[in-house]
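Coordinate inspection notes
Read off the chains here:
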Amino acid sequence: WFILITVLNFVFCYVLLLKCCKNHYAAALGAMVFTFSMALQSQMTHSQTFSRFPIPLAFLMVILFFESLKARYFFALLLVWVYQLYCCIYTGFMLFVPLALFFIISSLYHWKVLREKMKNIQWLSLIGISVIICLLLLWPLMYPYKFRAGLIPLNDYTTILDNIPTLTSHFFSQSGTFLWKSLQNTAIEYPAFWDHQIFAGALASLCLLTFWLFVSLKLIKPAFFGSFKVSIPIKAMLFTSLLTFLFFIRFGQFSLYQYVYLLPGFASMRAIQRIINLELVFFALATATVYLLIMPRKELLKALTFLLLAGLFILDNYYVKGGSSITSKQISLARIDPLIDKMKLFPPGSLVSYEPDSMTTRPIYYHIDAMISAQALNLRTVNGY
């Protein structure tokens, strides 16, 4: 399952970048960043975030929609977004922000033809039907959340402020890296510091800064860098990436995320650092674009340049075996197996509560042990994580 998801993450990012950059080497290099970045190391304990392939696919649907203005691509866009929500609520909600920005910015670039298309009643009807179908598909997923939200107060903005990434978070790596041991303590004093370890590596970070600078200069002075052309999707990605980073970053106690927080559903989220799962698509596009800037003319040299940059990426993101933090499964099983033996006394479907008379470790482990044991025996339990 993990290998399949990894392949899909790579393939769909590759397809998006190929559409934007028109070069196989650039697309492959960028897809490596999206799929294998060291920034994902801090996300490995959240298996629900693994399925990220709808993210580049959604951006691709926006590009295809504005190229043809066919309603089926708009429907596909919504469908992909709904699928991402089913994969992971966090990434689905977070995807809404850059996707909406990308859609709005692309609309401005295509406003004349879009305005004419909006006069077509049949086309507008198909757009409306697409929205209704996707809302109906979302209802079974979102209703329990809506019901639960009505029972308890949502997170106050001040309680999640520490979980909004800072600039330091983007230069904070986990232990075990081959090259970046110097960055493994940069934000160690942060609450829940392990979620802030979202450094994407030197190569991808440098490429993103170069991408922002280069495309901005091309917009100001089109003659800059000769005949190199910047397509509308890349221009739209420039503004989308800049705005996304601004909305999901904190400077001291100030963050523009306070306005994103007001959107329906966002007040339920705490781990805002997971935005890195989406931002990697911008790192990927930036890396692909930088490859195009330095790409030689001869095919052999193009391949050698790709191999050189791919090698640098691997070295940049390499983790030494056994260097990063791990938890032994055997330790968990040593607690869970005896509990399962005790709970076998209950008939399937019973409601149980696990209440040990003493604890030798953190309470959350007892809750998780009870939850896993109940799942194994088809029991219902009030204990849960």
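That block above? That's the structure.
The sections below set out a description of the structure shown in this document. (Residues numbered from 1 in each chain as written. Predicted model: local features only at pLDDT ≥ 70, side-chain atom pairs only at ≥ 80, totals over all residues. Heavy atoms only, no water.)

Right, let's get into the packing of helix α3 (residues 54–68) against helix α5 (residues 89–109). Describing two packed helices takes the angle between their axes plus the distance from one axis to the other. At a closest axis distance of 10 Å, the pairing of α3 and α5 adopts a crossing angle of 15°. When the interaxial angle is binned, α3 and α5 end up roughly parallel. Considering only the axes of α3 and α5, their crossing is right-handed. Between α3, through Ile 55, Ala 58, Phe 59, Val 62, Ile 63, Phe 65 and Phe 66, and α5, the contact on the second element is made entirely by Leu 95, Pro 98, Leu 99, Phe 102, Phe 103, Ser 106 and Ser 107. (Axes fitted to C-alpha atoms, helices over the stretch in contact; angles between N-to-C directions. Helix = DSSP H or I, 4+ residues; strand = E, 2+ residues; numbered from the N terminus. Parallel < 35°, antiparallel > 145°, perpendicular 65-115°, else oblique. Left-handed = near helix turned anticlockwise from the far one by under 90°. Contact = heavy atoms within 4.5 Å.)

Turning to the environment of Gln 43, a few remarks are in order. Within the element layout of this structure, Gln 43 appears in the loop between α2 (24–36) and α3. Between the C-alpha atom of Gln 43 and that of Gln 273, which follows or precedes it by 230 residues, the distance is 9.4 Å. Residues in contact with Gln 43, not counting those within four places in the same chain, are Thr 49, Phe 50, Ile 198, Gln 273, Arg 274, Ile 276 and Asn 277.

Time to look at a nonpolar patch on the surface. Residues Trp 1, Phe 2, Ile 3, Val 7, Val 11, Val 15 and Met 44 make up a contiguous nonpolar surface patch of about 690 Å² in total accessible area. In this structure, Val 11 sits in helix α1 (residues 2–21). (Patch = residues over 30% accessible without salt bridge, like charges linked within 9 Å, V, L, I, M, F, W, Y side chains within 5 Å. Areas by Shrake-Rupley, 256 points an atom, 1.4 Å probe, with all protein chains shown as cover. Salt bridge = Lys/Arg side-chain N within 4 Å of Asp/Glu carboxyl O.)

What follows concerns the pattern of salt bridges. In total, this model carries five salt bridges according to the counting rule given. Here Lys 119 ties to Glu 116 by a salt bridge, and the two come within 3.2 Å at their closest N and O atoms. As a salt-bridge pair, Arg 335 and Asp 369 come within 2.8 Å of each other at their nearest N and O atoms. Placement of the pair is Arg 335 in helix α14 (residues 329–343) and Asp 369 in helix α15 (residues 363–376), with a sequence separation of 34 residues.

Inside soluble globular proteins, nonpolar side chains tend to come together where they are buried. Counting residues in hydrophobic clusters, the biggest one holds 102 residues, and the most contacted among them are Phe 59, Tyr 257 and Phe 283. Among the elements that line this core, the one with the most residues is helix α12 (residues 276–294), at 14 residues. Once residues within four sequence positions are removed from consideration, Phe 59 is found in contact with Leu 16, Leu 95, Pro 98, Leu 99, Phe 102, Met 237, Thr 240, Val 281 and Phe 282. In this structure, Ile 340, Met 343, Leu 377 and Leu 379 belong to the second largest nonpolar core, which totals eight residues. (Core = buried A, V, L, I, M, F, W, Y, C linked by side-chain atoms within 4.5 Å. Buried < 20%, exposed > 50% of the residue type's maximum accessible area, 1.4 Å probe, protein only.)

So, about helix α7 (residues 121–149). An α-helical turn contains 3.6 residues, so a residue and the one three or four places further along point in the same direction. The largest bend in α7 is about 50°, located at Pro 140. Among all positions of α7, only Trp 123, Ile 127, Ser 130, Cys 134, Leu 138 and Leu 141 are buried. Those residues of α7 that are buried lie in contact with α3, α4 (71–87), α5 and α6 (111–117). (Bend = angle between axes of the 7 residues up to and from the residue.)

This next bit is on unusual backbone geometry. In this structure, Lys 22 takes a positive phi of about 60° despite not being glycine. Inspection of the secondary structure assignment puts Lys 22 in the loop between α1 and α2. On the basis of relative accessible area, Lys 22 is assigned to the exposed category, the value being 61%. If you check the backbone angles, Leu 69 has positive phi at about 55° while not being a glycine. Along the chain, Leu 69 falls in the loop between α3 and α4.

To continue, consider the packing of α1 against α2. Close contact between α1 and α2 brings their axes to 8 Å; oriented N to C, the two are set at 140°. As the angle between them shows, α1 and α2 are arranged oblique. In terms of crossing hand, the pair formed by α1 and α2 is right-handed. Residues Thr 6, Asn 9, Phe 10, Cys 13, Tyr 14, Leu 17, Leu 18 and Cys 21 of α1 form the contact with α2, whose own contacting residues are His 24, Ala 26, Ala 27, Ala 28, Gly 30, Ala 31, Met 32, Phe 34, Thr 35 and Phe 36. Counted by class, the contact of α1 with α2 contains 13 nonpolar, five polar and no charged residues. (Nonpolar A, V, L, I, M, F, W, Y, C, P; charged D, E, K, R; others polar.)

Function-wise, these values are silent; they only describe arrangement.
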